[in-house]
Amino acid sequence: MKYSVTSVILPELDVAETCVLLADLGYAGVEWRVRHTPTDAIGKGYSFWGEHKTDLSPANLVEKADEVARITADHGLAIAGIAANLRADELDDIKKLADGVAIMGSIPIRIGAPWRYDRTVNYNELYEGTVAAYAKVIELLKPYGLKTIIEIHGGTIMVSASLAHRIASNFSPDEMGVIYDVNNMAMDGFETFRIGLELLGDYLAHVHAGGWRPIEKGRRDDGTLDWKYENCDLAESILDIPLFMADLKAVHYQGFISIEDFRPMDPREKLRRQIEYLRRIE
């Protein structure tokens, strides 16, 4: 198995510092975060969803791409993916992003759907608009030789492998792939690992892994017990991670498993524990 880390979880490290840490811990790749910093987060310090010391964005990637690719390679790491958060209807920014990514190599780019799912708009309406938006993204990326990947993610219309496959199957696996995010099977994906992985087949392009467990939130007036979820070590996840790893092997997955762990703790200790655990259960 090949392990990488999404730099979204390393806001306090620059490109070189990120590569030094991951290489020292034995990771084989890095999934670079390339995102605009939200206006309301500027000047408020480094954070997962705010400013990052790497400072990679669609607006500056062209000028930084060569340096990022060189530093990554110099540390013996591969670029496992581009963790962008652009929506499929943001074509101008996607083009800027592609201009930079193409300098770095043939690397899949994560692109989100134009809309989230919040029960206010019917799924079928969102689905049709989403497929149409991704068709435009794919046409834009073709001249670059790049493909988009969509992520199984909570609060979207692709919370499971089967729902992601329904979108991806409108295109070829060379044009679109799927990130299987195991966390999302716990809260709203609710789907057996193996059957989802088998369904995805050649569309399975990348994997995100992080621990996820429920804790009691409180009790409603009608007596219903409410739950919320928190990040944890992979070894403490409510999900059967050894089974998941076995199922990845069973479908002959050859890509990266990228750690996505948003706990506010020492990054070295956090990432050391995750890779050591995954190696034990391979």
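For the structure, see preceding data.
Just so we're clear, the structure is a prediction, and the values are computed from it rather than from any experiment.

**So, helix H5 (residues 161-168)**
Line of reasoning, step 1. The set of residues buried in H5 consists of Ala161, Ala164, His165, Ile167 and Ala168. Considered in projection along H5, the buried side chains sweep an arc of 160° and stay on one side of the axis.

**Quick look at unusual backbone geometry**
Line of reasoning, step 1. Positive phi, normally seen in glycine, also occurs at phenylalanine 190, with a value near 45°.
Line of reasoning, step 2. Positionally, phenylalanine 190 belongs in the loop between helix H6 (184-189) and helix H7 (193-200).
Line of reasoning, step 3. The phi torsion at histidine 252 lies on the positive side, around 60°, for a residue other than glycine.
Line of reasoning, step 4. Among the secondary structure elements, histidine 252 is positioned in the loop between helix H8 (241-250) and strand E10 (256-259).

**Quick look at the packing of helix H4 (residues 123-141) against H5**
Line of reasoning, step 1. At a minimum axis separation of 10 Å, H4 and H5 run at an interaxial angle of 50°. When the axis of H4 is compared with that of H5, the two are oblique. Note on element contacts: H5 touches H4 through Leu163, Arg166 and Ile167, opposite Tyr123, Asn124, Tyr127, Thr130 and Tyr134.
Line of reasoning, step 2. Residue composition of the contact of H4 with H5, by class: five nonpolar, two polar and one charged.

**Details of the packing of H8 against helix H9 (residues 267-281)**
Line of reasoning, step 1. Orientation of H8 relative to H9, taken along the N-to-C sense of each, is 60°, at an axis distance of 10 Å. Our pair here, H8 against H9, has a crossing hand that is right-handed. Counted together, Ile241, Pro242 and Met245 of H8 and Tyr277, Leu278 and Ile281 of H9 form the full contact between these two elements.

**With respect to the environment of lysine 64**
Line of reasoning, step 1. Structurally, lysine 64 can be placed in helix H2 (residues 61-74).
Line of reasoning, step 2. Through-space distance from the C-alpha of lysine 64 to that of isoleucine 275 is 29 Å; in sequence the pair is 211 residues apart.
Line of reasoning, step 3. Beyond its immediate chain neighbours, meaning those up to four positions away, lysine 64 contacts Thr54, Asp55 and Leu56.

**Structural notes on the environment of aspartate 93**
Line of reasoning, step 1. Within the element layout of this structure, aspartate 93 appears in helix H3 (residues 91-104).
Line of reasoning, step 2. The exposure class assigned to aspartate 93 is buried, which follows from its relative accessible area of 19%.
Line of reasoning, step 3. Along the sequence, aspartate 93 and aspartate 188 sit 95 residues apart, while their C-alpha atoms lie 30 Å from each other.
Line of reasoning, step 4. Discounting residues that sit within four places of it in the chain, aspartate 93 has contacts with His36, Pro58 and Leu86.

**Here we look at H4**
Line of reasoning, step 1. Compared with an ideal rise of 1.5 Å per residue, which puts 19 residues at 27 Å, H4 spans 26 Å between its outermost C-alpha atoms and is within 8% of the ideal.
Line of reasoning, step 2. Where H4 is buried, its residues touch H3, strand E4 (109-110), strand E5 (148-151), H5 and strand E6 (176-181).

**Here we look at the pattern of salt bridges**
Line of reasoning, step 1. A full pass over the atoms with the stated rule returns 22 salt bridges.
Line of reasoning, step 2. The salt bridge involving glutamate 17 is made with lysine 53; its shortest N-O contact spans 3.2 Å. With glutamate 17 in helix H1 (residues 15-25) and lysine 53 in the loop between strand E2 (29-33) and H2, this residue pair connects regions lying 36 residues apart in the sequence.
Line of reasoning, step 3. Across the salt bridge formed by arginine 213 and glutamate 230, the nearest N and O atoms sit 2.8 Å from each other. Here arginine 213, found in strand E8 (residues 211-219), pairs with glutamate 230, found in strand E9 (residues 225-232); they are 17 residues apart in sequence, far enough to count as distant.

**A short note on the nonpolar core**
Line of reasoning, step 1. Counting residues in each nonpolar core, the largest one holds 86 residues, and the members touching the most others are Trp32, Ile82, Tyr134, Tyr180 and Leu271.
Line of reasoning, step 2. It is H4 that contributes the most residues to this core, ten residues altogether.

**A short note on the packing of aromatic side chains**
Line of reasoning, step 1. Following the criterion strictly, the structure yields six aromatic pairs and no others.
Line of reasoning, step 2. Each ring, one from tryptophan 212 and one from tyrosine 229, has its centre 6.0 Å from the other, and the planes form 10°; the classification is stacked. With tryptophan 212 in strand E8 and tyrosine 229 in strand E9, this residue pair connects regions lying 17 residues apart in the sequence.
Line of reasoning, step 3. Against the face of tyrosine 127 rests arginine 166, its NZ or CZ located 3.8 Å from the ring centre.

**Describing the pairing of E2**
Line of reasoning, step 1. Summarising burial for E2: five of the five residues are buried, a large majority.
Line of reasoning, step 2. Residues of E2 alternate between two faces, with Gly29, Glu31 and Arg33 on one and Val30 and Trp32 on the opposite face, all of them buried.
Line of reasoning, step 3. Relative to E2, strand E1 (residues 2-6) runs parallel, the two sharing three bridges. Bridged to serine 4 within E2 is glycine 29.
Line of reasoning, step 4. At this point the chain moves from E1, through H1, to the parallel E2, and the crossover so formed is right-handed.

How each quantity is defined
- Residues numbered from 1 in each chain as written.
- Predicted model: local features only at pLDDT ≥ 70, side-chain atom pairs only at ≥ 80, totals over all residues.
- Heavy atoms only, no water.
- Buried < 20%, exposed > 50% of the residue type's maximum accessible area, 1.4 Å probe, protein only.
- Helix = DSSP H or I, 4+ residues; strand = E, 2+ residues; numbered from the N terminus.
- Arc of directions from axis to C-beta.
- Axes fitted to C-alpha atoms, helices over the stretch in contact; angles between N-to-C directions.
- Parallel < 35°, antiparallel > 145°, perpendicular 65-115°, else oblique.
- Contact = heavy atoms within 4.5 Å.
- Nonpolar A, V, L, I, M, F, W, Y, C, P; charged D, E, K, R; others polar.
- Left-handed = near helix turned anticlockwise from the far one by under 90°.
- Expected span 1.5 Å × (residues − 1).
- Salt bridge = Lys/Arg side-chain N within 4 Å of Asp/Glu carboxyl O.
- Core = buried A, V, L, I, M, F, W, Y, C linked by side-chain atoms within 4.5 Å.
- Phe/Tyr/Trp six-rings, centres within 6.5 Å; stacked < 30°, edge-to-face > 60°.
- Lys NZ or Arg CZ within 6 Å of the ring centre and 35° of its normal.
- Pairing = 2+ DSSP bridges.
- Right-handed = clockwise from strand over helix to strand, strands pointing away.

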